[in-house]
Amino acid sequence: MAAEPLTSPKIVGKARPRVDGPLKVTGRAMYSSDHHFPGMLYAVPVSATIANGKIEKIDTATAEKMPGVRAIYHQGNIGKLFRVSVSFGDLSMIDETRPPFEDDVIRYYGQYVALAVADTFEQAGAAADAVKVTYRREEPNVERELGVERLAGVRKKGGSKPEHLESPKVQSERGDPEPAFEKAAVTLDATYLLPAETHNPIELHATVAVWDGTGFTLYDTTQAVVNARNVLAQMLGVPKENMRVISKFLGSGFGGKLWPWTHCALAAAAARQLNLPVKLVINRRSMFQCVGHRPLIQQRVRLSATQEGKLTSLRHEYVNHTSMLDDYEESCGEGTPHMYSVPNLRVTSALARRNVGTPTSMRGPGAVPGLYATESAMNELADLLKMDPVQLRLANEPEIDEGTKLPFSSRHLRECLTTGAEKFGWARRTPAVGSMKQDGLTLGWGMASCTWIAKRFGCTARVELRDDGTAAVSTATQDIGTGTYTVLAQITAEKLQIPVEKIEVILGDSNLPEGPVSGGSMATASVIPAVMAAAGKAAESLLGVAAKAPGSPFAGSKPDGLAFQDGKVQAKGGGEGVPFGEILKKAKMRGVSGQGSSDGNFLDPKPQFSSHSFGAHFVEVTWQPETVRLRINRVLTVIDAGRIVNPLAGRNQIEGAVVMGVGMTLFEQTQYEHGTGAPINSNLADYIMAVNADVPKLDVIFLDYPDLHLNEFGARGIGEIGLAGISAAITSAIHHATGFRARKLPVTIEDLLGAPAQA
Ligand code: MOS
């Protein structure tokens, strides 16, 4: 059922600077590692220097005698930690989380084997260095070849089981792709390789653990305070009432902070054993080893089409590496079944186990790597057909989601494509490689579409109206840096019709009513219905007070004869409105509050609509073959993500994602060394990311069609979609300029040295 639409919004939909901006730029925002306590100790982990094998001996004798050292923990003395069965709400993404130091097996390079705790950070670091660990080493498996071609025989019924791959699955199937491919006029069979990528938020993972004799308070940098509380309470063996997780500000996370990692439990265990607060901030090298990464992924895409460019079959097969510990699946095919109209389709996946840390969600998990492959294949097919890539997409626009047979709740991809083409000047593109010149440079123009799922998590929120005329909204979600504080202030202000400046937003504390993870681009859509309900309840309580309290100007009225409008109470028949703060003052009350909840629809077994956001990227590169110099010059992105609550924060999300896409396409890759199995470029000098000098001219256009099936405001999410499809758009622009066809990322200078269009 569609939510009641918001008519003529005054605050939602307006560009507003961040309400938490002043706190951040003046340094008053407290990030996790900013928290200090009297007597606080510092913990530094000891990391394994092999990627496969067993611990034979841990010698802590020297380390224990060093100055300031309080304890060296390891498997023998860490105390009891428990395995966890994780679920938050109806969503269970990690089946099993093992505690640190559970056994003596080393499964990946950098795995924590001990923890040094001392009075200062330097003393703890020196002690960690002095712990001597001897290993029985075995050859690690960090093989890059994942064997995606072995998925070819996997079927829903009667298929074969691929060797050396785990959990083979048919994700989606319709029609019969093999015969359609065999008899098609034009076919493409291409395999695409994406390297492992590491999340590199500025803020390192950090936990400050405080034990009070019965319970914990953890200042933890997390994208999900509620889930962190639930997981860590189980792991530490305390009731969840005795675990409080606080995360007021984050220096981003990109998905790496969605789930707690082993260092969180180590900090808490040490604080409890020593009965003193313990701070553990992991170093940049550990960021590459122990806290997730986007896995290495191999994808094979087979397309067939008629001479006119109508798709007749699509097969998308993908394998991602995962760790020895977890069955992390990168759902690259999530967007494939609904993206285009095609009668015959199969999407198949499997895992390949390697000696690497456990992979995890990274901005746009699934769709981002998936669309690199499928949108690249569409661009290659367009070239084979000698057809414009925008036209190829328009020719295959579906009427419904052909994967689920559901109608789309709102889909405007066609308009994204046509608007983008028009604003970019796409009609001037000449298709031949190297054929466009400007100011002595070769130009390359490329494009791609994108999509991202739109759902809601469950949420409970509280709204309080106060006697000073302000209101507070609170829920246990958090602001990863995307603008959740600001968006919540706008939503609440819109509902109460009072200025944004009068709203206090309280987030980042698991003791608040349970709110959503900052993940899946779903936080905004999830909080709206709960906040609307909570504000409505608060207003209702206020009317009750206005009708009853002896000092109230409306005393003696019936509550249902009163209305809350524009922050004021007034009689329904008309007359002067009285601001809610005045009513509360007259009633001698500090405030009234209301709580509201909404269910999520994330795992709705019977959805009525297919809900996704859509978009299109148009990219211009400049190319100087004489010096092999490639620049991404401008990117224009059109996004259809429902109503945009704050276009300023929204634009910032898309721009940031496009810049991340520049890094994904040209620079980022985590390199595992054969022999040691170590991610060897585990620092910000050797792991190259896009910097300011790499940023192109950025244009973002929002179509702004409210999707009222999702919530009252029609807002979907915008955190991730900007990274989807961008790599395919950039690599198609590179091909157009240089003739080099990138089927593996990143595209390096060495790749371009061999580019065909050298003149
Ligand atoms: Mo995002 S990868 O859901 O933080």
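Each residue is numbered by its place in its chain's sequence as written, counting from 1. The predicted nature of this model means local features are confined to residues of pLDDT at least 70 and side-chain atom pairs, given and counted, to a pLDDT of 80 or more, with totals for whole chains, interfaces and linings taken over all residues. Computation of side-chain values covers all heavy atoms of the structure but excludes hydrogens and water.

A. Quick look at the overall build of the chain. Helix and strand counts for the chain come out as 17 helices and 27 strands. Taken along its principal axes, the extent of the C-alpha atoms in the chain is 85 × 75 × 55 Å. Each residue is assigned to one of three classes by its accessible area relative to the maximum for its type, calculated with a 1.4 Å probe on protein chains only: buried under 20%, partly exposed between the two thresholds, exposed over 50%. Expressed as a percentage of its 759 residues, the buried residues of the chain come to 62%. Whether two residues touch is decided by their heavy atoms; if any such pair falls within 4.5 Å, the residues are in contact. Pairs at least 24 residues apart make up 80% of the contacts formed inside the chain by residues separated by at least 6 positions. Only the protein chains shown count as cover for residues, and the accessible areas themselves come from Shrake-Rupley with a 1.4 Å probe. With an accessible surface of roughly 28,400 Å², the chain has 52% of that area assigned to carbon and sulfur atoms. Neither His nor the chain ends is counted toward charge; the positive residues are Lys and Arg and the negative residues Asp and Glu. Working definition for charges: the position is that of NZ of Lys, CZ of Arg, CG of Asp or CD of Glu. On the chain, the mean spot of the 79 positive side-chain charges and the mean spot of the 81 negative ones are 2 Å from each other. Numbering of helices and strands starts at the N terminus; helices are DSSP runs of H or I of at least 4 residues and strands are runs of E of at least 2.

B. A look at the packing of aromatic side chains. Centres within 6.5 Å are what make two rings of Phe, Tyr or Trp a pair, Trp counting through its six-membered ring; a difference in plane orientation under 30 degrees is then read as stacked, over 60 as edge-to-face, and the rest as tilted. The tally for this structure, following the rule as stated, stands at 14 aromatic pairs. Plain terms: the ring middles of Phe 37 and Tyr 219 are 5.4 Å apart, the flat faces sit at 40° to each other, and that makes the pair tilted. Of this pair, Phe 37 sits in the loop between α1 (21-25) and β1 (41-47) while Tyr 219 sits in strand β10 (residues 216-220), and the two are 182 residues apart along the sequence. Residue classification places Tyr 219 among the buried positions, given a relative accessible area of 14%.

C. Spatial organisation of the domain arrangement of the chain. All the domain ranges listed were derived from an automatic or database domain assignment. The domain architecture assigned to the chain consists of domain 1 (21-28 + 456-598) and domain 2 (366-455 + 606-753). Domain 1 and domain 2 are separated by 39 Å when their C-alpha centres are compared. Opposite the 17 residues of domain 1 that make contact, domain 2 presents 17 residues. Accessible-area loss on putting two parts together, using a 1.4 Å probe and summing over both, is the definition of buried area adopted here. When the two sides are added together, the surface that domain 1 and domain 2 hide from each other amounts to roughly 1,400 Å², 60% of it contributed by carbon and sulfur. It is Arg 456, Ser 521 and Ile 528 in domain 1 that bury the most area against domain 2; as a group they hold 35% of the surface buried on that side. Salt bridges are identified by distance alone: a Lys or Arg side-chain nitrogen within 4 Å of an Asp or Glu carboxyl oxygen. One can count 0 salt bridges joining domain 1 with domain 2. Whenever two N or O atoms come within 3.5 Å, that pair is a polar contact, provided that in protein one can donate a hydrogen and the other can accept it, and provided that, for residues adjacent in sequence, both atoms are side-chain atoms. Between the two partners, domain 1 and domain 2, sit 8 residue pairs in polar contact (both at pLDDT 80 or more). Side-chain classes are defined by residue name, with Ala, Val, Leu, Ile, Met, Phe, Trp, Tyr, Cys and Pro counting as nonpolar, Asp, Glu, Lys and Arg as charged, and the others, Gly among them, as polar. Class assignment of the residues belonging to the side of domain 1 that touches domain 2 gives a composition of 8 nonpolar, 7 polar and 2 charged.

D. Representation of the pattern of salt bridges in the model. Following the criterion strictly, the structure yields 35 salt bridges and no others. Notably, a salt bridge pairs Asp 467 with Arg 590, separated by 2.6 Å at the nearest N-O pair. In this pair, Asp 467 is assigned in the loop between β18 (459-466) and β19 (471-474) and Arg 590 in the loop between α14 (580-586) and β24 (591-598), connecting sequence segments 123 residues apart. Here Asp 467 falls in the buried class, since its relative accessible area comes to 19%. Arg 590 gets classed as partly exposed once you look at its relative accessible area, which sits at 48%. Taken together, the shared-partner salt bridges connect Arg 155, Glu 173, Glu 178, Arg 315 and Arg 346 into one network.

E. Spatial organisation of unusual backbone geometry. Looking along the chain, the bond that leaves Leu 745 and enters Pro 746 is cis, with omega of -5°. With respect to the element layout, Pro 746 can be found in the loop between α16 (726-738) and α17 (749-753). Its identity is not glycine, yet Val 628 carries a phi of approximately 50°, on the positive side. Structurally, the position occupied by Val 628 is in the loop between β25 (612-624) and β26 (629-640). Look at Val 628 and you get buried, because its relative accessible area is 14%. Although it is not a glycine, Asp 704 adopts a positive phi angle of roughly 60°.

F. Representation of the confidence of the model for the chain. For every residue, the predictor reports its confidence as pLDDT, a number between 0 and 100. Chain-level pLDDT for the chain is 95 on average; 98% of the residues reach the 70-or-more range. Note that pLDDT drops below 50 for residues 89-95; the model gives that stretch 14 contacts with residues more than four away or on any other chain.

G. Molecular detail of the environment of Phe 254. Assignment of secondary structure puts Phe 254 in the loop between β11 (243-246) and α6 (262-274). With relative accessibility at 24%, the residue Phe 254 sits in the partly exposed group. For the pair Phe 254 and Met 362, spaced 108 residues apart in sequence, the C-alpha separation works out to 5.5 Å. For Phe 254, the residues in contact, after removing those within four places along its chain, are His 199, Asn 200, Pro 201, Gln 223, Ser 361, Met 362, Arg 363, Ile 480 and Met 660.

H. How the structure looks around the sheet that holds strand β22 (residues 568-571). Pairing between two strands requires that DSSP report at least two bridges joining them. On the basis of which strands lie adjacent, the open sheet formed by 3 strands has the order β21-β22-β23 and antiparallel pairing. Looking at which strands have only one partner, the edges of the open sheet turn out to be β21 (562-565) and β23 (578-579). Of the strand pairs in this sheet, β22 and β23 are connected by 2 bridges, and their pairing is antiparallel. The residue of β23 that forms the bridge with Lys 568 is Pro 579. The convention used is that axes are lines fitted to C-alpha atoms, helices contributing only their stretch in contact, and that angles between N-to-C directions extend from 0 to 180 degrees. Helix α13 (residues 523-548) contacts β21 and β22 of the sheet and is inclined by roughly 135° relative to β21.

I. Geometry of the pairing of strand β13 (residues 297-305). For β13, the tally of buried residues reaches 9 of 9 residues, placing the bulk of the element in the interior. Across 9 bridges, the pairing between β13 and strand β14 (residues 311-322) is antiparallel. Bridge assignment links Ile 297 to a residue of β14, and that residue is Asn 320. Linkage of β13 to β14, two consecutive antiparallel strands, is achieved through a turn of 5 residues, within which Gly 309 is found at a positive phi near 90°.

J. Structural detail: the sheet that holds strand β5 (residues 112-118). Spatially, β3-β5-β1-β12-β9-β10-β11 is the arrangement adopted by the 7 strands of the open sheet, whose pairing is mixed. The two strands at the open ends of the sheet, each matched to only one other strand, are β3 (69-73) and β11. Averaged over all neighbouring strand pairs, the angle between strand axes comes to 20°, with direction disregarded. Bridging between β10 and β11 involves 4 bridges; their strand directions are parallel. By the bridge assignment, Thr 217 is partnered in β11 with Arg 244.

K. Geometry of the nonpolar core. Among buried residues, the Ala, Val, Leu, Ile, Met, Phe, Trp, Tyr and Cys ones that are joined through side-chain atoms within 4.5 Å form a nonpolar core. Ranked by internal contacts, the top residues of the largest apolar core, which has 96 residues, are Leu 303, Phe 618 and Val 619. The greatest single-element share of this core, amounting to 10 residues, is contributed by helix α9 (residues 367-385). A domain-level breakdown of this core finds at least three residues from each of domain 1 (21-28 + 456-598) and domain 2 (366-455 + 606-753). Other than its neighbours up to four places away in sequence, Leu 303 contacts Phe 181, Val 186, Thr 187, Leu 188, Leu 311, Ser 313, Leu 314, Ala 377, Met 378 and Leu 381.

L. Quick peek at the state of the cysteines. Cysteine sulfur atoms are paired as a disulfide whenever they fall within 2.5 Å. Tallied over the entire structure, the rule returns 0 disulfides. No disulfide involves Cys 290; its nearest neighbouring cysteine sulfur is the one of Cys 264, lying 11 Å away. According to the relative accessible area criterion, Cys 290 is buried, its value standing at 5%. The thiol sulfur of Cys 416 is not disulfide-bonded, and the nearest other cysteine sulfur, from Cys 450, lies at 7.4 Å.

M. Here's a closer look at the packing of helix α15 (residues 647-666) against α16. Look at α15 against α16: their axes get within 9 Å of each other, and the N-to-C directions meet at 60°. Comparing the axis directions of α15 and α16 gives the class oblique. In the crossing of α15 with α16, the sense of the turn from one axis to the other is right-handed. Of the residues in α16, those touching α15 at Val 658, Gly 661, Val 662, Met 664, Thr 665 and Leu 666 are Ile 726, Ser 727, Ile 730, Thr 731 and Ile 734. Per-class residue counts for the contact of α15 with α16 are 7 nonpolar, 4 polar and no charged. Note on angle classes: values under 35 degrees are labelled roughly parallel, values over 145 roughly antiparallel, values of 65 to 115 roughly perpendicular, and the remainder oblique. Handedness of a crossing is defined here by the sense of rotation of the near helix relative to the far one, left-handed for an anticlockwise turn of less than a right angle and right-handed for a clockwise turn.

N. Spatial organisation of the pairing of β10. With 5 of 5 residues buried, β10 is to be regarded as a mostly interior element. Along β10, one buried face is formed by Phe 216, Leu 218 and Asp 220 and the opposite face, lined by Thr 217 and Tyr 219, is buried too. Two elements, strand β9 (residues 206-211) and β10, share 5 bridges in a ladder whose sense is antiparallel. Counted as the bridge partner of Val 208 is Tyr 219 from β10.

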